[in-house]
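# Observations on the three-dimensional arrangement
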Amino acid sequence: EWKTNSLEDFSLYLLLHLAEATKDGLQGALEVVEPIMRNDSGIQGLKATMICAFLELPWEKFPNYGVIAAGAVSELMGNTFERTGKKRVYNDNDFQLRTAVSAYAALAS
């Protein structure tokens, strides 16, 4: 697990927003983020889960066939909507509700 606001964390956040916008040019990204999704239960794992959803990782490759992913993204949607998180109040620098809903929709498709 990386420190929040580290270069690695920023890179994952950037990849999340690129994946949300388009899959074009992100070949090879799943090889990088899938192990993070599987091995990190924190914020980086959540970002990696959403990237995997946007890049259409096959459902059977998600841990527990997506049950964990759907629960984590669903919790993020609620936290973002309520503007509260596990550790503090969310602000505009955190996840946007649009990103969480888009990731949930990608998981559902």
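Residues numbered from 1 in each chain as written. Predicted model: local features only at pLDDT ≥ 70, side-chain atom pairs only at ≥ 80, totals over all residues. Heavy atoms only, no water.

### Structural notes on the overall build of the protein
Formally: Numbering of helices and strands runs from the N terminus; a helix is a DSSP stretch of H or I covering at least four residues, while a strand is a stretch of E covering at least two. Our radius of gyration is a C-alpha quantity, and the globule rule it is checked against amounts to 2.2 Å times the number of residues to the power 0.38. We call a residue buried when its accessible area falls under 20% of the maximum for its residue type, exposed when it is over 50%, and partly exposed in between, using a 1.4 Å probe and counting protein chains only. To measure how exposed things are, a 1.4 Å probe is used in the Shrake-Rupley method; for residues, cover is taken only from the protein chains shown.
Within the protein, the regular secondary structure consists of five helices and zero strands. Along the protein, helices (α) and strands (β) appear in the sequence α-α-α-α-α when read from the amino end. The C-alpha radius of gyration of the protein comes to 13 Å, within 12% of the 13 Å expected for a compact globule of 109 residues. Taken along the three principal axes of its C-alpha coordinates, the protein extends 35 × 30 × 25 Å. Residues counted as buried form 39% of the 109 residues belonging to the protein. A total of about 6,700 Å² of accessible surface is found on the protein, and carbon and sulfur atoms cover 55% of it.

### A look at helix H1 (residues 7-21)
Selection criterion: A helix is expected to span 1.5 Å multiplied by its residue count minus one. When we speak of the arc, we mean the arc of directions from the helix axis to the C-beta atoms. A contact between two residues is defined here by any heavy atoms of the two lying within 4.5 Å.
For H1, which comprises 15 residues, the first-to-last C-alpha distance of 21 Å matches the rise-based estimate of 21 Å (1.5 Å per residue) to within 8%. Taken residue by residue, H1 has Asp9, Leu12, Leu15, Leu16, Ala19 and Glu20 as its buried positions. The buried side chains of H1 occupy one side of the element, clustering within an arc of 135° when seen end-on. In H1, the exposed residues that point more than 90 degrees away from the buried face are Leu7, Phe10 and Ala21. As for H1, its buried residues are in contact with helix H2 (29-39), helix H3 (43-54) and helix H5 (97-108).

### Focus: the nonpolar core
Stated precisely, the cut-off is as follows: Among the buried residues, those of types Ala, Val, Leu, Ile, Met, Phe, Trp, Tyr and Cys that are joined through side-chain atoms within 4.5 Å form a nonpolar core.
Ranked by internal contacts, the top residues of the largest apolar core, which has 27 residues, are Val33, Met50, Ile51 and Phe62. When residues of this core are traced back to their parent elements, those giving at least two are H1, H2, H3, helix H4 (67-82) and H5. The dominant element in this core, judged by the number of residues it contributes, is H3, at seven residues. In this structure, Phe62 is in contact with Met37, Arg38, Thr49, Cys52, Ala53, Leu57, Ala69 and Leu107, ignoring residues within four places of it in sequence.

### Focus: the packing of H1 against H3
Definition in use: Angles run from 0 to 180 degrees between N-to-C directions of axes, and those axes are lines fitted to C-alpha atoms, restricted for helices to the stretch in contact. Angle categories: roughly parallel below 35 degrees, roughly antiparallel above 145, roughly perpendicular from 65 to 115, and oblique for all the rest. Crossing handedness is defined as follows: a turn of the near helix away from the far one that is anticlockwise and smaller than a right angle gives a left-handed crossing, while the clockwise case is right-handed. Under the scheme applied, nonpolar residues are Ala, Val, Leu, Ile, Met, Phe, Trp, Tyr, Cys and Pro; charged residues are Asp, Glu, Lys and Arg; polar residues are all the others, including Gly.
Direction vectors running N to C along H1 and H3 enclose 25°, while the axes themselves pass 9 Å from each other. As judged from the angle between their axes, H1 and H3 are roughly parallel. Between H1 and H3 lies a crossing whose hand is left-handed. On H3, the residues that touch Asp9, Leu12, Tyr13, Leu15, Leu16, Ala19 and Glu20 of H1 are Gln44, Lys47, Ala48, Met50, Ile51 and Phe54. Looking at the contact of H1 with H3, its residues break down into nine nonpolar, one polar and three charged.

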